[in-house]
Amino acid sequence: MLAPDAPRPPRHTPLYGLHLELGARMVPFAGTTLPLQYRDGVLKEHLWVRNRCGLFDVSHLGQIVLRSKSGRLVDAALELERLVPQDILSLAPQRQRYAQFTTDLGGILDDLMVANCGDHLFLVVNAAAREAVEAHLARHLGSDCDIEVCDRALIALQGPEAESVLAKFAPDVVGMRFMDVRRLSLAGSDCVVARSGYTGEDGFEISVPSAAAQGLARALLADGEVRPIGLGARDSLRLEAGLCLAGDDIDATTTVVEAELQWSIQASRRRGERAGGFPGAKVILDQIAHGAPRIRVGLALEGRAPLRKGALLFADTTSDQPVGTVTSGGFAPSLNAPIAMGYVTSALRAPQTPLFALQRGNHLAVRVAPLPFVTNTSRR
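What comes next concerns the included structure. (Residues numbered from 1 in each chain as written. Predicted model: local features only at pLDDT ≥ 70, side-chain atom pairs only at ≥ 80, totals over all residues. Heavy atoms only, no water.)

Looking now at helix H3 (residues 73–80). Residues of H3 that are buried: Ala-76, Ala-77, Glu-79 and Leu-80. Considered in projection along H3, the buried side chains sweep an arc of 165° and stay on one side of the axis. Looking at the packing, one finds that the buried side of H3 touches strand S5 (62–68), strand S6 (96–102), strand S7 (108–116), strand S8 (121–125), helix H4 (130–141) and strand S9 (145–149). (Buried < 20%, exposed > 50% of the residue type's maximum accessible area, 1.4 Å probe, protein only. Helix = DSSP H or I, 4+ residues; strand = E, 2+ residues; numbered from the N terminus. Arc of directions from axis to C-beta. Contact = heavy atoms within 4.5 Å.)

Moving on: the packing of aromatic side chains. Per the counting criterion, the structure on display carries one aromatic pair. Judged by centre distance (5.7 Å) and plane angle (20°), the ring pair of Tyr-98 and Trp-263 falls under stacked. Within this pair, whereas Tyr-98 is found in strand S6, its partner Trp-263 is found in the loop between helix H7 (231–240) and helix H8 (267–270), the two being separated by 165 residues in sequence. Judged by its relative accessible area of 10%, Tyr-98 is buried. Accessibility expressed as a relative area gives 58% for Trp-263, which makes it exposed. Geometry around Trp-48 places Arg-227 over its ring, the cationic atom sitting 3.5 Å from the centre. In this structure, Arg-294 packs its charged tip against the face of Tyr-343, placed 4.5 Å from the ring centre. (Phe/Tyr/Trp six-rings, centres within 6.5 Å; stacked < 30°, edge-to-face > 60°. Lys NZ or Arg CZ within 6 Å of the ring centre and 35° of its normal.)

Position of Ser-59 among the secondary structure elements: in the loop between strand S4 (53–57) and S5. A residue is classified by how much of its surface remains accessible, and Ser-59, at 10% relative accessible area, is buried. A polar atom in the side chain of Ser-59 sits 2.7 Å from the side chain of Asp-57. Apart from residues lying up to four places away in sequence, Ser-59 is in contact with Thr-13, Pro-14, Arg-130, Ala-153 and Leu-154. (Polar contact = N/O pair within 3.5 Å; in protein donor to acceptor, adjacent residues only side chain to side chain.)

Moving on, we get to the nonpolar core. Core analysis: the biggest nonpolar cluster contains 49 residues, and Ile-250, Leu-261, Leu-299, Leu-313 and Val-366 have the highest contact counts within it. The biggest single contributor to this core is strand S15 (residues 294–301), with four residues. Setting aside residues up to four positions removed in sequence, Leu-313 forms contacts with Leu-299, Pro-322, Val-323, Gly-324, Thr-325, Val-326, Tyr-343, Val-344, Phe-356, Ala-357 and Val-366. In this structure, Leu-15, Val-165, Leu-166 and Ala-212 belong to the second largest nonpolar core, which totals 28 residues. (Core = buried A, V, L, I, M, F, W, Y, C linked by side-chain atoms within 4.5 Å.)

What follows covers the sheet that holds S5. The strands making up a sheet associate through hydrogen bonds between their backbones, and the pairing can be parallel or antiparallel. Sheet architecture is open: five strands sit in the order S6-S7-S8-S5-S9, paired in antiparallel fashion. Two strands bound the open sheet, and with one partner strand each, they are S6 and S9. Averaged over all pairs of adjacent strands, the angle between strand axes in this sheet comes to 30°, irrespective of strand direction. Relative to S9, S5 runs antiparallel, the two being bridged by five bridges. Within S9, the residue paired with Leu-66 across the bridge is Ile-147. Taken strand by strand, H4 contacts S5, S6, S7, S8 and S9, and its axis lies near 10° from that of S5. (Pairing = 2+ DSSP bridges. Axes fitted to C-alpha atoms, helices over the stretch in contact; angles between N-to-C directions.)

Pasting the structure below:
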């Protein structure tokens, strides 16, 4: 038995054995052992997703069912709105919405997906914050809502061929739009399928019973258009798509407006009788109205050296006063160039603004770049 303060061993997903069989290089990530890459390597995996179809194991993400004890979905929606700035009440059946749990100071505790599944809300939360989110929900909503943590696997099928591949199992996916959610039978298993993902490509995220996950994954991988993809390519794909990584690009010190995520806050929560009412509302609504002191931007490098998280940004090579910080960086296979994201003072947010990143004692020339770096191809 582990001592109370002993570190927990990493969890294994239901696909762990399959990853080993496929030759994956496994690494610990957010408390779970996951594939970093397979035999083809990160570069080939990345480009395969951009051109064909990749299968990701994202079972480390938390899946939570939220039901009001009154039995009314409207009550569960209103309860959740006390914790997020999004309009959950108007979320239509079989649709999902991107949201954030905010702090009293306007920061982001975690970002999540919220789906209206008819008689309940279905939440998908980040792995690193999963236990904190569960405790957050229990503390604030536990007296009025039942909170069920699901023991299910989660598979993402991403890329331009994702629809044609999944349609062989369930023809109804052809009619799904971006952010639609359906309960479908796939390879004999009852699945919750959302047309969404975190790569910038069209695709689906599939919640499947843990016992059936390996069978479904094998069935999908039997299609010649599908290859397994690891964490390395997942990170480079989301960076090209200009998508935030929780804990790096967004955290309790960044607001929704600073992160350029205010598009996710519907008008009903900004003004009128249902405006505010969520943690940090005063800070966030004030920044929507008057601007934030710093803003998340893309960064294009003039050289070949990739930028890394934590590199400080300066307006020139002689200044000792930083104007920003890099939060994500790496090589973009689709562009054959290094790219990054970070925060800069609002006065320097304009595209093509020249900056210098201090890394390993060297000043690297960068320019502010519009996001995303690669056009999103999700089916709208």
